Amino acid sequence: MSRFKDRTFWVVFAVAIFLLGLFFFLARTFPYFIQDVKYVLAKLKARRCMLKYMQTNFTILERFLEAARTQPDKPFIHFKDETFTYQDADALSNKAARVFLQSGLVKQGDTVAMLVGNEPMFVWLWLGLVKIGCSAAFLNYNIRSKSLLHCFNCSGANTLVAAAELQDAVEEVLPSLLEQQVSVYILADGCKAAGVESFREKMSQASSEPLSKDLRSHLTLQSPAAYIYTSGTTGLPKAAVITHARLWGMSSIQFLTGVNSRDVIYISLPLYHSTGFIGVTGAIERGITVALRSKFSVSQFWDDCRKYDATVIQYIGETMRYLCNTPKVCRDRSHKVRLAIGNGIRADVWRDFISRFGNVEIRELYGATEGNFALLNYSGKIGAIGFFPHAVIKYNVEKGEPVRDSSGFCIEADKGEPGLLVSEISARAPFSGYVRDLQQTEKKKLHNVFKKGDVYLNTGDLMRIDEDHFIYFQDRVGDTFRWKGENVATTEVADVISLAGCVKEATVYGVKVPGQEGRAGMAAVTLRDGLKFDSVDVFKHVENFLPAYARPRFMRIQSSLDVTGTFKHLKVKLVEEGFNPNLITDPVYFLDEKKKNYIPLMMDIFNGVNLGEIKI
C-alpha cells in the first residue's frame, strides 16, 4: 500500500513539474500567454452570466435595483459638488417614471426622446423609462433645426424631454413638434412657452415609492433599451438599436478590463453617445461610483480626477492628445488613475501619455454603436486595437468595394496588407441595424463573402494584421482616397502634418480636380497659439515624411476644425467646398514643387489647375 502511495506521489509530482515547465515555456515563448489565459477565462465567465441573464430576462436595470438594495448608501454619481447614492438614484428615477405614467401619454413599449446633456437627470430619466417598460432615444444636444427633427422622427417617439439650457433649440422646432402632437417637457422649474411643460415641477410632486415589476413584464433582452445615433460624420445621423442584450455586452467591458468594486470611473464623454453611456451602465454592472462631468475640459480633467479620487478614466483618441498637448506641470503624476479605457489613441500619443502621466494601463477598444462585435487590446500592445478574431478582406479603394475572386467570393488580406474588416452576422452576433432606415441597414451588409448565402457586417474600416496577429486601425473607407494610382490614408497623413512645428491640428480629405483621376489631397489645419503658417517649414516636413503622392496639394488654414460631440472631424462641407477660393474665405495654399513651398492659392493658380495648365 505504501509503495502504491509513493508511486502516486511521484506521478503527481512529475505531472505538476511538467505542467509548471510547460506553463513557463509558453509564457516565455508567447509573451502575451498569461494575458490571453486571463482574458479567455474572463470572457467565458461573462458568457455564462449572459446565458443566465437571457434565461431570466435580467437587465442592467435589475442589476441596478440589486445594487440599490445591497449597497443603498454607496455613492453612485458625483456631479459637481453633489453626491447621489444608489438609493437616491432609485428614488429619483421612480419619480421620473411616475411623471411619464401620470401624463397618460407614455405607454409600455413607447420610446421617449431625450435632448439632455451630461447630468444625473440623464441617468434618472433612462432608468425611469426602463422601469415602466419603455426605451429612450438619446439625441445629440449639438444638433439643431432639420437635423434635430430628423433624429427625433427616426426614433418614433411621441414625447421629448429637453434640458433647460436647450430650450432655444426646442423652440426652434416646436411648431413642427406640436403639429405632430408631440408632448414636450423642459427640465426647468417652470416654463412660459405654450405647449411646453415643466418636467422638474411634476417630478417634485411625484412619489418616490417603488414601481411594480409588472410594468416591464413584457421586456426581454431582445427589447430595445435605447436608440443611440451615429456621429453623422458623413451625413445625417442614423439611429442604432441597442437591445438589452447588446447593452449587457457593451457594459461588460469594465469587467473584462479589470475594473473592481473599489474603483471610481471618471466620465466626461457625452452620455448621448455609446462611449459615455456604457461608462455608466458598466459602472452599474460593477456596482461602482461614477464621477460625471458635464463636458470634457482639458484644463479641469486632472483636477477632477484628484477631487473625486478617480481610478479609471474613459477616453477617445482626441481627448488623450489634448491632455498631452497641455503645458507640463509638477503635479502631472499626482493622481490615482490606474486604468484608461477607450478608443482611437494614436501610438505616439499612447507613449507620450504613459511617459508623462505615469504607469496608467491603457485598454484600447474597437467597436461601433451599430456593430455586432467589439475588439479589446487587453495585452497593452501599443498602437493595436485588439487581437485578430475577425476577417480582414482585400478592398479596392478606387472602386469602393471588396475584391472578389473568379468565383465571386472575397479574398482575405495578407499579413501587413490593409483590408476591410468584416464580421459575420449570425444568431450569436446579430446586427439590428438602423431604426426606420432599411436602405442604410442593408448598405452595411455584405453578401456571399466566403460562401454562398453568408452575410457579413461591413465595418467601413480598413485594418491591417501584423505577424503576431495584432490588428491595427488604418483608416475609414470613405476617408481613404486614390491619387496617382496610390491609396492615401487620410489618418496617417493627418498624423504627420500634425507634427509640423506650426500646426496644432489637421484633418485630411480628397478633393476632385477636373481632368484628374482620383482625388487630390487637401488638409485643413489649425495653428498653434501665437504662430503663423510657416509654409516653407511645412513643405519641408511633408517632403521629408510623406511620399510624393500622399503630400496634400492644398492646405487650408482655419481658426478651428468642426467636430462631432465625440471629436470626430466633420469633412462633408470641406469636401464640398474643395479648393475653390470663391467658396472659401479661409486662406488656402497650393503645393509648388518647383519653389519647394506652399504658396497662396490665387485665382490665376486656381484657374490654371482647373484648366490643366498647372500640373499637380
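Residues numbered from 1 in each chain as written. Predicted model: local features only at pLDDT ≥ 70, side-chain atom pairs only at ≥ 80, totals over all residues. Heavy atoms only, no water.

Definition in use: UniProt positions are given in the numbering used here, feature names are shortened, and annotations may be inferred rather than shown by experiment.
In the annotation of an unreviewed UniProt entry, the chain is listed under the name long-chain-fatty-acid--CoA ligase and assigned to Seriola dumerili. The record held by UniProt for the chain lists under Sequence similarities (unreviewed entry) the comment "Belongs to the ATP-dependent AMP-binding enzyme family."

**Description of the domain arrangement of the chain**
What counts, and what does not: The start and end points of each domain follow an automatic or database-based domain assignment. Contacts were defined at the residue level, with two residues in contact if any of their heavy atoms lie within 4.5 Å. As used here, buried area is the combined drop in accessible area, with a 1.4 Å probe, of two parts when they are placed together.
The domains assigned to the chain are domain 1 (1-30), domain 2 (38-71 + 243-388), domain 3 (84-219), domain 4 (389-475) and domain 5 (480-611). Its C-alpha centre places domain 2 at a distance of 27 Å from the equivalent point of domain 3. Domain 2 puts 27 residues into the contact, and the matching count from domain 3 is 21 residues. Across the interface of domain 2 and domain 3, roughly 2,000 Å² is buried in total on both sides, 70% from carbon and sulfur atoms. Considering only the surface of domain 2 that becomes buried against domain 3, Leu61, Phe64 and Tyr272 emerge as the three largest contributors, covering 33% of it.

**What about the pattern of salt bridges?**
This is how it is decided: Any carboxyl oxygen of Asp or Glu within 4 Å of a side-chain nitrogen of Lys or Arg constitutes a salt bridge here. Secondary structure counts use DSSP, requiring at least four H or I residues in a row for a helix and at least two E residues in a row for a strand, with both numbered from the N terminus.
Counted by the stated rule, this structure contains 27 salt bridges. With a shortest N-O distance of 2.6 Å, Arg338 and Asp263 are connected by a salt bridge. In this pair, Arg338 sits in the loop between helix H13 (317-324) and strand S13 (339-343) while Asp263 sits in the loop between helix H10 (253-256) and strand S10 (264-267), placing the two residues 75 residues apart along the sequence. Connected through shared salt-bridge partners, Glu318, Arg321 and Glu505 make up one network.

**Section: empty space enclosed by the protein**
Empty space left among the atoms is revealed by rolling a probe the size of a water molecule over them. Condition: A 1.4 Å probe that fits into a set of points on a 1 Å grid over the protein atoms alone but cannot get out defines a cavity; an open set with protein on both sides within 12 Å along at least five of seven lines defines a pocket, and lining residues are those with an atom within 4 Å of a point. Grid points are joined across faces, edges and corners, and a volume is the space filled by probe spheres set on the points. Gly is put with the polar residues, along with every residue not named as nonpolar or charged; the nonpolar set is Ala, Val, Leu, Ile, Met, Phe, Trp, Tyr, Cys and Pro, and the charged set is Asp, Glu, Lys and Arg.
Under the counting rule described, the total for this entry stands at three cavities of 30 Å³ or more. Empty space within the second largest cavity amounts to approximately 50 Å³. Lining of the second largest cavity is provided by Tyr366, Ala368, Glu370, Gly371, Phe373, Lys444, Leu457 and Thr459. Considered class by class, the residues forming the lining of the second largest cavity number four nonpolar, two polar and two charged. Of the residues that make up the lining of the second largest cavity, three or more belong to each of domain 2 (38-71 + 243-388) and domain 4 (389-475).

**Digging into the packing of aromatic side chains**
Each pair of aromatic rings is reported with the distance of its centres and the angle of its planes. Note the cut-off: Geometry of aromatic contacts follows a simple scheme: Phe, Tyr and Trp rings, the Trp one being its six-membered ring, pair when their centres are within 6.5 Å, and the pair is stacked under 30 degrees between planes, edge-to-face over 60, tilted otherwise. Exposure is judged per residue with a 1.4 Å probe applied to protein chains only, and the accessible area is read against the type maximum: over 50% gives exposed, under 20% gives buried, and values in between give partly exposed. For a ring to carry a charge above it, either NZ of a lysine or CZ of an arginine must fall within 6 Å of the ring centroid while also lying within 35 degrees of the normal to the ring plane.
Taken as a whole, this structure holds 30 aromatic pairs when the rule is applied. Aromatic side chains Phe138 and Phe277 sit 4.8 Å apart centroid to centroid with 65 degrees between the ring planes, which places their arrangement in the edge-to-face category. Placement of Phe138 in strand S4 (residues 135-138) and of Phe277 in helix H11 (residues 274-286) is noted, with a sequence separation of 139 residues between them. Each member of the pair, Phe138 as well as Phe277, carries the same accessibility label: buried. Seen from their ring centres, Phe301 and Trp302 are 5.2 Å apart, and the 80 degrees between their planes marks the pair as edge-to-face. As far as burial versus exposure is concerned, Phe301 and Trp302 are alike and both buried. What links up through ring pairs into an aromatic cluster is the set Tyr266, Phe296, Phe301, Trp302, Tyr322, Phe353 and Phe357. When the ring centre of Tyr472 is taken as origin, the NZ or CZ atom of Arg464, which lies over that ring, is 4.5 Å away.

**As for the sheet that holds strand S14 (residues 361-367)**
Rules: Pairing between strands is defined by DSSP: at least two bridges between the two strands are required. Axis lines are fitted to C-alpha atoms, over the contacting stretch for helices. Their N-to-C directions set the angle, which ranges from 0 to 180 degrees.
Strand order in the open sheet formed by eight strands is S2-S1-S11-S10-S12-S13-S14-S15, and the pairing between neighbours is mixed. Of all the strands in the sheet, the pair left with one neighbour each is strand S2 (82-85) and strand S15 (374-377). In this sheet, neighbouring strand axes are inclined to one another by 20 degrees on average, regardless of whether the strands run parallel or antiparallel. Note: strand S1 (residues 75-79) against strand S11 (residues 289-292), three bridges, orientation parallel. By the bridge assignment, His78 is partnered in S11 with Ala291. Docked against the sheet, helix H14 (residues 347-357) engages strand S12 (312-316), S14 and S15, running at close to 150 degrees with respect to S14.

**Description of the pairing of S12**
The buried fraction of S12 is high, at five of five residues. Judged by which residues are buried, S12 turns out to be covered on both faces: Val312, Gln314 and Ile316 on one side and Ile313 and Tyr315 on the other are all buried. Sheet topology note: the S10/S12 ladder contains two bridges and is parallel. Bridge pairing links Ile265 to Val312 in S12. Taken together, the five bridges between S12 and S13 define a ladder with parallel strand orientation. Looking at the pairing, Ile316 lines up with Asn343 of S13.

**Considering the side chain of Gln558**
Let me state the cut-off plainly: Polar contact is the term for a pair of N or O atoms within 3.5 Å; when the atoms are in protein, one must be able to donate a hydrogen and the other to accept it, and sequence-neighboring residues count only if both atoms are side-chain atoms.
When you line up the elements, Gln558 lands in the loop between strand S28 (554-557) and helix H18 (572-577). Reaching out from Gln558, the side chain makes a polar contact with the side chain of Asp586 at a distance of 3.4 Å. Excluding anything up to four places from it in sequence, Gln558 contacts Ala524, Val525, Thr526, Leu527, Leu574 and Asp586.

**Brief notes about helix H9 (residues 244-251)**
A large share of H9 lies buried, amounting to six of its eight residues. Those residues of H9 that fall on the buried side of the exposure criterion are His244, Ala245, Leu247, Trp248, Met250 and Ser251.

**Re unusual backbone geometry**
Of note, the phi angle at Arg436 is positive, near 55 degrees, even though the residue is not glycine. Inspection of the secondary structure puts Arg436 in the loop between strand S20 (419-424) and helix H15 (438-443). Here Arg436 falls in the exposed class, since its relative accessible area comes to 59%. Positive phi outside glycine occurs at Lys596, with the angle close to 50 degrees. Locating Lys596 in the fold gives a position in the loop between strand S29 (588-592) and strand S30 (597-600). For Lys596, a relative accessible area of 44% corresponds to the partly exposed category.

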